[in-house]
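In case you want the letters, here they are:
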Amino acid sequence: MAEITPIIRVTAPRRQFQDHKDSALAVAVFPDGHRMITSSVDQTLVLWDLQNGVSLKKMEGHHSWVWAVAVSKDGNLIASGDDDGKLIVWHGDTGELLFQAAEVHAGTIRSLDFSPDGTVLASGSFDRTTELWSTETWQVQGNPINGSAWIFCVRYSPSGEYLAISTEHDIQIWNPCTRECIAKLKAEINKAVNLSLAWAPHGGRLFSVGAHLDPTIREWDTSSWKQIGEPWTGHTRDIRTILVHPNATFIASASDDCQVRLWRFSDRRTIAILKDSSAVYCASFSADGTSILSGGNSTVFKEWAVPEEALKLLEDTSTQDYDLKATPPAVSPLRLHSTPSTSIMTAKLVQVIPRITQSHRAFKNHKDSVFAVALLDGHRMVTSSGDQTLILWNLKDGVMLKQMEGHKSVVRALAVSRDGKLIASGDDDGALIAWDGVTGESLTQAITVHSSSIRSVDFSQDGTALASGSFDKTTEIWCTKTWQVSGSPINCHGNVFCVRYSPSGKFLAIASGGVLVCDTRTRECIVTLKTLAHSLAWTPDGTRLFSGGNDSDPNIREWDTLTWTQAGDHRSGHTDYVNAIAINPTGTLVASASGDTHVRLWRPSDRRTIAIFKDSVELYFVTFSADGKYIISGGRQLMVKEWAVPEDALLEATYKGRESEDALLVEPPEEQATTKHTLLGDASEEQATTKHTLSEDVPEKQATNEVGFLDSRVRTSSHQAQAHCVKGCSP
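Residues numbered from 1 in each chain as written. Predicted model: local features only at pLDDT ≥ 70, side-chain atom pairs only at ≥ 80, totals over all residues. Heavy atoms only, no water.

**Considering the overall build of the protein**
Thinking step 1. A count of helical and extended segments in the protein gives four helices and 59 strands.
Thinking step 2. Split into buried and exposed, the 731 residues of the protein put 61% on the buried side.
Thinking step 3. Accessible surface for the protein amounts to roughly 28700 Å². Of this, 48% is attributable to carbon and sulfur atoms. (Helix = DSSP H or I, 4+ residues; strand = E, 2+ residues; numbered from the N terminus. Buried < 20%, exposed > 50% of the residue type's maximum accessible area, 1.4 Å probe, protein only. Areas by Shrake-Rupley, 256 points an atom, 1.4 Å probe, with all protein chains shown as cover.)

Structural data, given as structure tokens:
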């Protein structure tokens with residue numbers, strides 16, 4: 001095919017639309033072609049008459065930048081999402097506010113899309129999740145789709161069978177009915193950010209565009225989910241938007257390089273360039289395909305005429321290589337929920353899980369990320385941070401009682417004795433400091449025994465011993481009277497992420513690749529649980545041990561401490577490291593904090609999530625308040641947040657705890673507990689003379705720095721492969 005030489009260049013728009021007071025962020029054209037909706041940094045939407053170019057209505061209700069807009073296929077509904085994670089629904093004809101949805105997103109809503117039949121709206125957010133909303137009730141449907149990364153674009157396939165989600169790491173293809181991820185598409189270039197998506201009308205092709213490291217267009221075959229040919233090149237900066245012409249003859253892309261480019265399908269060549277004077281953030285074809293409406297880093301939206309030469313040329317050549325016009329009938333993503341043949345698994349998805357995005361209160365005084373928290377007597381708590389300090393807080397009024405200084409590096413580990421008289425903290429230099437639990441004064445200088453970062457500390461039940469687990473692959477046991485290490489270290493042959501004494505004090509569980517369970521009297525490892533553990537928690541009666549996995553196995557497993565076998569199926573839902581697990585004082589609720597920015601509240605009886613607390617950052621710790629009515633969490637931010645446990649969850653958990661045989665017992669019969677622990681203790685004594693060692697070292701993956709688009713977050717994590725069959729560790 002002959003090349004177009006030269007490329008058609010257009011520098012003057014056909015007309016301009018002026019009513020916004022700040023940069024343009026999004027645009028959508030109504031199906032009837034007579035109107036469009038725009039949004040802006042000025043926190044408003046404007047409804048326009050395209051025939052005469054006048055503003056019909058300025059729509060107010062948002063209180064932050066409005067990044068996303070969408071119009072239903074019948075034009076009856078407008079949806080908009082903002083920087084605060086707020087979704088608003090508007091009347092498509094009048095522009096009046098219809099519904100202000102609950103704030104379920106904890107970060108910016110960057111993209112919205114209606115399903116082909118209009119029954120569902122998908123919202124993609126920087127909180128790393130995509131929510132699916134019923135457009136009848138405006139309630140979220142089922143669990144959120146967790147993308148594990150910032151989400152920039154969500155797009156339903158023409159049939160509604162698939163939902164494509166573009167993130168800062170990859171492109172994910174989901175079945176919106178089952179919430180199953182069926183494919184992940186990734187550009188060959190590292191750290192390629194995918195900013196926008198567009199489906200061909202027949203659904204056989206998916207187009208994606210990249211950011212600054214990969215400012216190209218990629219074409220994907222949806223039968224194989226493989227890339228077709230080489231990337232389309234021409235843009236020099238972030239490509240913000242990609243769109244397909246109404247009659248599928250060509251595509252358009254808008255970029256920060258101040259250009260909108262028109263591309264020919266057959267040879268992936270640019271046939272026209274619409275040259276703006278500022279970065280272009282959004283664009284849409286008119287309904288008849290003869291013009292393009294765009295906006296960007298100016299207060300003006302512009303309408304560009306598609307060059308007649310391009311339209312004429314494309315009439316002759318557009319479909320000889322592709323059949324992109326046929327559109328299959330739309331399938332409702334939620335229709336399966338109402339059919340008699342719906343499976344139990346699918347039916348459960350319609351359960352509405354409460355999403356809490358607003359914390360009850362926040363504790364602010366640290367100058368860096370907060371890594372750990374521990375409660376003292378129910379009235380106070382202590383926190384530790386990357387700012388090398390600890391802070392003692394009054395929980396009643398939220399004020400800081402004392403800032404505790406003495407560490408010279410990041411303080412990642414923290415523990416309080418059961419009587420609240422002692423505090424212990426460990427830092428990245430391997431130094432341990434003991435503090436007075438009442439006054440917050442230091443009892444010792446920084447004591448360095450470990451040769452690497454102390455990641456976890458825990459007091460024994462009687463407070464006479466403290467365990468410290470380190471990245472030097474050892475666990476030390478300290479005498480809390482002399483603050484000297486007692487005996488030889490427990491050699492774990494892998495980085496130690498968590499150490500936890502059992503309630504009876506007879507066992508010490510160590511997360512180090514697998515979970516090592518040691519007899520605290522003999523220091524002999526009596527069993528190793530084969531799981532990639534990152535966090536641990538015992539039930540109050542000691543009959544169960546919970547473990548949280550790493551990013552390759554972000555699940556929670558429950559272990560029967562009588563048989564040391566897994567009890568039932570794992571709990572799934574998190575998509576990143578499970579950094580902490582906590583059990584409420586009555587043993588009826590389990591909470592988990594993850595790098596996926598969520599704290600999940602679980603019901604032990606059926607292992608289901610009953611509430612999700614959605615933060616905007618990776619979370620490192622979680623604990624319950626003394627009365628169990630609040631959850632305290634924190635992570636990669638300068639504050640600690642307190643969240644109210646939903647009343648329904650408290651009531652449901654209490655009811656379930658009383659009626660279910662599977663509920664966690666708070667105070668089991670003394671005889672049963674004593675018998676069980678005696679048997680286990682005897683078994684460990686018989687094995688005490690035999691020294692078990694790990695069959696091989698657990699390989700480690702070096703920590704990496706991952707810089708997200710539009711964000712300078714640096715995420716450091718350690719990753720361990722699963723250990724082979726292990727029987728124990730030697731002291």
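Moving on from the model shown.
**Things to note about the nonpolar core**
Thinking step 1. Core analysis: the biggest nonpolar cluster contains 19 residues, and Val599, Leu601, Phe613, Val622, Phe624 and Ile631 have the highest contact counts within it.
Thinking step 2. When contributions to this core are tallied by element, the ones reaching two or more residues are strand E51 (578-583), strand E52 (590-594), strand E53 (598-603), strand E54 (608-614) and strand E55 (619-624).
Thinking step 3. Excluding residues that lie within four positions of it along the chain, Phe613 makes contacts with Ile356, Thr597, His598, Val599, Leu601, Ile631, Trp643, Ala644, Val645 and Pro646.
Thinking step 4. With 18 residues, the next largest nonpolar core counts Val10, Val260, Val280 and Trp304 among its residues. (Core = buried A, V, L, I, M, F, W, Y, C linked by side-chain atoms within 4.5 Å. Contact = heavy atoms within 4.5 Å.)

**Brief notes about the side chain of Ser284**
Thinking step 1. Position of Ser284 relative to the elements: it lies in strand E27 (residues 280-285).
Thinking step 2. Filtering out sequence-adjacent residues up to four positions away, Ser284 remains in contact with Val27, Val29, Leu243, Ser291, Ile292 and Leu293.

**So, the pattern of salt bridges**
Thinking step 1. Throughout the structure, instances matching the rule amount to 24 salt bridges.
Thinking step 2. For Lys641, the salt bridge is made with Asp615, and the minimal N-O distance between the two is 2.9 Å. Here the residue Lys641 occupies a position in strand E57 (residues 639-644), and Asp615 occupies one in the loop between E54 and E55, the gap between them amounting to 26 residues. Each of the two residues, Lys641 as well as Asp615, counts as buried.
Thinking step 3. Each member of the salt-bridge network shares a partner with another, and the members are Arg544, Glu558, Asp560, Arg571 and Arg607. (Salt bridge = Lys/Arg side-chain N within 4 Å of Asp/Glu carboxyl O.)

**Focus: the environment of Phe99**
Thinking step 1. Along the chain, the position of Phe99 falls in strand E10 (residues 97-100).
Thinking step 2. Taking the C-alpha atoms as reference points, Phe99 and Ala79, 20 residues apart in sequence, are found 9.6 Å from one another.
Thinking step 3. Beyond its immediate stretch of four places on either side in the chain, Phe99 contacts Leu87, Ile88, Val89, Thr137 and Trp138.

**As for the sheet that holds strand E19 (residues 194-199)**
Thinking step 1. Strand order across the open sheet formed by four strands is E19-E20-E21-E22, with antiparallel pairing between neighbours. Each having just a single partner strand, E19 and strand E22 (226-227) make up the two edges of the open sheet. (Pairing = 2+ DSSP bridges.)

**Examining the sheet that holds strand E26 (residues 269-275)**
Two orientations exist for strands paired in a sheet by backbone hydrogen bonds: parallel and antiparallel.
Thinking step 1. In spatial order, the strands read E1-E26-E25-E24-E23; together these five strands make up an open sheet with mixed pairing. The sheet is open, and its two borders are formed by strand E1 (8-10) and strand E23 (239-244), each paired with just one other strand. Neighbouring strand axes in the sheet, compared pairwise and without regard to direction, differ in orientation by 20 degrees on average.
Thinking step 2. Here six bridges tie strand E25 (residues 259-264) to E26, and the two strands are oriented antiparallel to one another. Across the sheet, residue Trp263 finds its bridge partner in E26, namely Thr270. (Axes fitted to C-alpha atoms, helices over the stretch in contact; angles between N-to-C directions.)

**Observations concerning the confidence of the model for the protein**
Thinking step 1. For the protein, mean pLDDT is 82; residues scoring 70 or higher make up 82% of the total.
Thinking step 2. Scored below 50 in pLDDT, residues 318-350 shows 68 contacts in the model against residues more than four places distant or in partner chains.
Thinking step 3. Of the regions scoring below 50 in pLDDT, residues 656-731 engages in 159 contacts with residues more than four places distant in sequence or in other chains. (pLDDT = per-residue confidence, 0-100.)

**Digging into the pairing of strand E3 (residues 24-29)**
Thinking step 1. Of all six residues that make up E3, six are buried, and the element is covered over most of its length.
Thinking step 2. Note that E3 and strand E4 (residues 35-40) share five bridges and pair antiparallel. Paired with Val27 across the two strands is Thr38, which belongs to E4.
Thinking step 3. Following E3, the chain reverses through five residues before pairing antiparallel with E4; Gly33 in that reversal takes a positive phi of roughly 80 degrees.

**What about the environment of Thr623?**
Thinking step 1. Summarising the element assignment, Thr623 is placed in strand E55.
Thinking step 2. When the C-alpha atoms of Thr623 and Ala374 are compared, they prove to be 7.6 Å apart, with 249 residues separating the residues in sequence.
Thinking step 3. Residues within four places of Thr623 in sequence aside, it is in contact with Val373, Leu375, Ala582, Tyr630, Ile631 and Ile632.

**Here's the deal with the pairing of E10**
Strand residues, when the strand is regular, have side chains that alternate between the two faces of the sheet.
Thinking step 1. As defined by bridge partners, strand E9 (residues 87-91) adjoins E10 across three bridges and the pair is classed as antiparallel. Within E10, the position partnered with Trp90 by the bridge is Leu97.
Thinking step 2. In this antiparallel pair of consecutive strands, E9 and E10, the connection spans five residues, and Gly95 shows a positive phi of 80 degrees.

**Section: the packing of aromatic side chains**
The description of an aromatic ring pair uses the distance of the two centres, along with the angle that the planes make with each other.
Thinking step 1. All told, the structure shown has 16 aromatic pairs when counted by the stated rule.
Thinking step 2. Ring centres 5.9 Å apart and planes at 75 degrees place the aromatic pair Phe207 and Trp232 in the edge-to-face group. Of this pair, Phe207 sits in strand E20 (residues 205-210) while Trp232 is found in the loop between E22 and E23, placing the two residues 25 residues apart along the sequence. As far as the burial class goes, Phe207 and Trp232 line up, both buried.
Thinking step 3. Among the aromatic residues, those joined into a ring-pair cluster are Phe126, Trp150 and Phe152.
Thinking step 4. Sitting over the ring of Phe471, Arg455 keeps its end group 4.1 Å from the ring centre. (Phe/Tyr/Trp six-rings, centres within 6.5 Å; stacked < 30°, edge-to-face > 60°. Lys NZ or Arg CZ within 6 Å of the ring centre and 35° of its normal.)

**Here we look at the side chain of His450**
Thinking step 1. Locating His450 in the fold gives a position in the loop between strand E39 (447-448) and strand E40 (454-459).
Thinking step 2. You can call His450 buried: its relative accessible area is 2%.
Thinking step 3. Looking at His450, its side chain comes within polar contact range of the side chain of Ser468, at 2.8 Å.
Thinking step 4. A polar contact of 3.4 Å, which involves the side chain of His450, links it to the side chain of Thr474.
Thinking step 5. Once residues lying within four places of it in the same chain are set aside, the contact partners of His450 are Asp429, Gly430, Ser468, Ser470, Asp472, Thr474 and Glu476. (Polar contact = N/O pair within 3.5 Å; in protein donor to acceptor, adjacent residues only side chain to side chain.)

**Let's talk about unusual backbone geometry**
Thinking step 1. The backbone of Arg128 shows a phi angle near 75 degrees, a positive value even though the residue is not glycine.
Thinking step 2. Residue position: Arg128 is located in the loop between strand E12 (120-125) and strand E13 (129-134).
Thinking step 3. The buried category is assigned to Arg128, whose relative accessible area is 5%.
Thinking step 4. Positive phi, close to 75 degrees, is recorded for Lys473, a residue that is not glycine.
Thinking step 5. Structurally, Lys473 can be placed in the loop between strand E41 (465-470) and strand E42 (474-479).
Thinking step 6. The partly exposed category is assigned to Lys473, whose relative accessible area is 26%.

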